[in-house]
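Structural description and commentary
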Amino acid sequence: MVPVPSADRFDAFRALADRGRPGGWLMESLARTRAGTADSPETWAPAVADGVGLPAAAALGPAEYYADLAAPHGRRHVRVCAATAGDGVRALANLAILRGAVGTGRGYGVNPLRGQNNVQGASDMGALPDTLPGYGKVTDPVARSRAEEVWGVRVPAGPGLRIPQMFAAARAGDLRALWGIGEDVCATDPDTNRVAAALRACPLVICNELFLSETARHADVVLPVASWLEKEGTFVNFDRRFQRVRAAVAPPGEARTDFEAVHAVAAAMGVGLGCPTPAAALDECGRLAPVFAGLSHGRLDREGAIPWPCPDADQPGEATLYTGRFATADGRAHLASCPYLPPGERADDDYPLIMVTGRRLTHYNSGSMTRRTANLLLESADWLDLHPEDADRYGLREGEPVTVESRHGEARLLARVSGEVNPGQGLLRVPLPGERSEPADLGSSGHGHFLPRVQGHRRTGDSAPRTA
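None of these values were measured; they are calculated from a predicted model. (Residues numbered from 1 in each chain as written. Predicted model: local features only at pLDDT ≥ 70, side-chain atom pairs only at ≥ 80, totals over all residues. Heavy atoms only, no water.)

**Topic: unusual backbone geometry**
Here Trp308 and Pro309 are connected by a cis peptide whose omega angle stands at 5°. Positive phi values are uncommon outside glycine, yet Tyr135 reaches one of about 70°. With respect to the element layout, Tyr135 can be found in the loop between α7 (119-124) and α8 (141-151). Here Cys275, not a glycine, exhibits a phi torsion of approximately 30°, which is positive. Here Cys275 lies in the loop between α13 (258-268) and α14 (278-288). Assessed through its relative accessible area of 17%, Cys275 is described here as buried. (Helix = DSSP H or I, 4+ residues; strand = E, 2+ residues; numbered from the N terminus. Buried < 20%, exposed > 50% of the residue type's maximum accessible area, 1.4 Å probe, protein only.)

Shown next, in the form of structure tokens:
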């Protein structure tokens, strides 16, 4: 996605308006009013052109193509949100709203491509520092009061910490305990050295895991837990459909489900959590969040997947949102002004390449499960993909060991020459465990590795390193 300056942004909106269907669903005056911004093109247009290497007018082509689709559907990678602090998602939402592709039957909105199977469900259940189940804000007295009535305890009136803030607090001595459930932060979070330092500094680290991951090696207590094939509950996919999860096999040895592990620790601390089963937990969520009130394990078993909002057990879930009104105070869609955000770091003589990270086809996420399978026969090492021009420039050959350095750490990889990357860029997949990799976090609280500038040098025998 290429962010465009204010004047050209209006041109892109006008391109959508010009392609409105007979009768028109977008007025040019609306686009001009809603797209207004305090930033002037003269302020940051040069930075945009310099940063992306494309003229602002280049955004008109994709906008016109999107406008001409009979029923456009926007899909975004999860890292669009993490890389741009949400502005990339807001820009996509702007396009969908202007095109009339939300809640109208003329399109399918914008949906995220989640990295794991229940990311949506975790967010829906309140696994965020500022929300309760159903996205009630902890700062909202009404939502907080409803939760307190159901749970029987006081709910803090302020948000908690995000993951990078937790690590910073641990390093500062302000966070005394960390409990990680099924997340190998040493393999997947940015700036691995500082993550490991946070785990070492924290007095108590608990880890729920299937295998002894790199994060689990830093833990004081490791709780062996069940996989998704070995437990009961629900998952929610990216279009908000609740789906039943049923145990196919029993957990091995003394492993317990995460649900049972949390209950056991609470009981040992003299606290009763209620909701003794996953079915009872979903019922509790329905009492706390009206949007879930019509859902239950029994209903899902009878009817199959059901989308939320579903406030009534006698009514179907709401498969399409915003057909009547938007989730705003006035019920109307609001466009967001998305100012240009410069890169968190820039290339220089010491770090001249841009590193782009992504997923690998042969391994799931960090490979904590798939690297224990025959998938290793397909790919057992990590690669740095370089354009042929850069490979020639730095004297690197296919399969040659290379050390990639950023301002935050290094990784030892194998070079792969590929025309799939642009000159001046290097493509690095999420590294396998054991490959040292500390990419940049750009000073952002978002999750993911984004655009550290890298430096590579050959290591062949006793020859001197060649700076890249």
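Alright, that's what it looks like, and here's the rest.
**Brief notes about the packing of α8 against α14**
For the pair α8 and α14, the least separation of the axes is 9 Å and the interaxial angle reads 140°. Between α8 and α14 lies a crossing of right-handed hand. Along its contact with α8, which presents Arg146, Ala147, Val150 and Trp151, the element α14 presents Glu284, Arg287 and Leu288. Classifying every residue of the contact of α8 with α14 gives four nonpolar, no polar and three charged. (Axes fitted to C-alpha atoms, helices over the stretch in contact; angles between N-to-C directions. Left-handed = near helix turned anticlockwise from the far one by under 90°. Contact = heavy atoms within 4.5 Å. Nonpolar A, V, L, I, M, F, W, Y, C, P; charged D, E, K, R; others polar.)

**Side note on the sheet that holds strand β7 (residues 241-245)**
In spatial order, the strands read β6-β7-β8; together these three strands make up an open sheet with antiparallel pairing. In this open sheet, the two strands that pair with only one neighbour each are β6 (233-236) and β8 (306-307). With two bridges joining them, β7 and β8 adopt antiparallel strand pairing. For Phe242, the partnering residue across the bridge sits in β8 and is Ile306. (Pairing = 2+ DSSP bridges.)

**With respect to a nonpolar patch on the surface**
Together, Trp179, Ile181, Val262, Met269, Val271 and Leu273 line one region of the surface with nonpolar side chains, adding up to about 530 Å² of accessible area. Among the residues examined, Met269 registers a relative accessible area of 65% and is labelled exposed. (Patch = residues over 30% accessible without salt bridge, like charges linked within 9 Å, V, L, I, M, F, W, Y side chains within 5 Å. Areas by Shrake-Rupley, 256 points an atom, 1.4 Å probe, with all protein chains shown as cover. Salt bridge = Lys/Arg side-chain N within 4 Å of Asp/Glu carboxyl O.)

**Looking at the environment of Asp130**
You can see Asp130 is positioned in the loop between α7 and α8. C-alpha separation for the pair Asp130 and Gly160, spaced 30 residues apart in sequence, amounts to 6.3 Å. Setting aside residues up to four positions removed in sequence, Asp130 forms contacts with Gly136, Lys137, Val138, Pro159 and Arg162.

**Structural notes on the packing of aromatic side chains**
Applying the stated rule across the entire model yields four aromatic pairs. Judged by centre distance (5.3 Å) and plane angle (75°), the rings of Phe292 and Trp308 are edge-to-face. Here Phe292, found in the loop between α14 and α15 (297-303), pairs with Trp308, found in the loop between β8 and β9 (353-358); they are 16 residues apart in sequence, far enough to count as distant. Given a relative accessible area of 10%, Trp308 falls into the buried group. Residues Tyr322 and Phe326 carry aromatic rings whose centres are separated by 4.9 Å and whose planes lie at 15° to one another, so their mutual orientation is stacked. Overall, Tyr322 belongs to the partly exposed group, its relative accessible area being 32%. The structure contains a cluster of three or more aromatic residues connected by ring pairs, namely Tyr135, Phe242, Phe292 and Trp308. (Phe/Tyr/Trp six-rings, centres within 6.5 Å; stacked < 30°, edge-to-face > 60°.)

**Here we look at helix α11 (residues 192-201)**
Along α11, the positions that sit buried rather than exposed are Thr192, Val195, Ala196, Ala198 and Leu199. Across the axial projection of α11, the buried residues extend over an arc of 155°, all falling on one side. In the core, the buried residues of α11 are packed alongside α9 (163-171), β3 (177-181), α10 (185-188), β4 (204-209) and α12 (214-217). (Arc of directions from axis to C-beta.)

**Some points on the pattern of salt bridges**
For the coordinates displayed, the defined rule picks out ten salt bridges. With a shortest N-O distance of 2.9 Å, Arg416 and Asp385 are connected by a salt bridge. Of this pair, Arg416 sits in strand β12 (residues 409-417) while Asp385 sits in strand β10 (residues 383-386), and the two are 31 residues apart along the sequence. Given the relative accessible area of 23%, Arg416 is considered partly exposed. Where salt bridges share partners, they join Glu232, Arg244, Arg246 and Asp301 into one cluster.

**Here we look at α13**
Owing to its 3.6 residues per turn, the α-helix aligns residues three or four sequence positions apart on the same side. Where α13 is concerned, the buried positions are Asp258, Ala261, His263 and Ala266. The inward-facing, buried residues of α13 abut β3, β4 and β5 (221-224). Just past α13, the residue Gly270 takes up positive phi, approximately 80°.

**A look at the confidence of the model for the protein**
When pLDDT is averaged along the protein, the result is 77, and 75% of the positions lie at 70 or above. Overall, residues 455-468 carries pLDDT values under 50, and its contacts beyond four positions in sequence, including any with other chains, amount to 36 contacts. (pLDDT = per-residue confidence, 0-100.)

**What about the side chain of Glu284?**
Structurally, Glu284 can be placed in helix α14. Arg287 provides the closest opposite charge to the buried, unpaired Glu284, separated from it by 4.4 Å. Contacts of Glu284, omitting those with residues within four sequence positions, involve Val150, Trp151, Leu273 and Cys275. (Lys, Arg positive; Asp, Glu negative; His and termini not counted.)

**Regarding the sheet that holds β4**
Spatially, the three strands line up as an open sheet ordered β3-β4-β5, and their pairing is parallel. Among the strands making up the open sheet, the edge pair consists of β3 and β5. This sheet shows a mean twist of 15° between the axes of neighbouring strands, independent of strand direction. As judged from the five bridges shared by β3 and β4, these two strands associate in the parallel manner. Within β4, the position partnered with Gly180 by the bridge is Cys207.

**Focus on the pairing of β4**
Across the six residues that make up β4, a large majority, five, are buried. In terms of strand pairing, β4 meets β5 through four bridges, oriented parallel. If you follow Ile206 over to β5, its bridge partner there is Val221.

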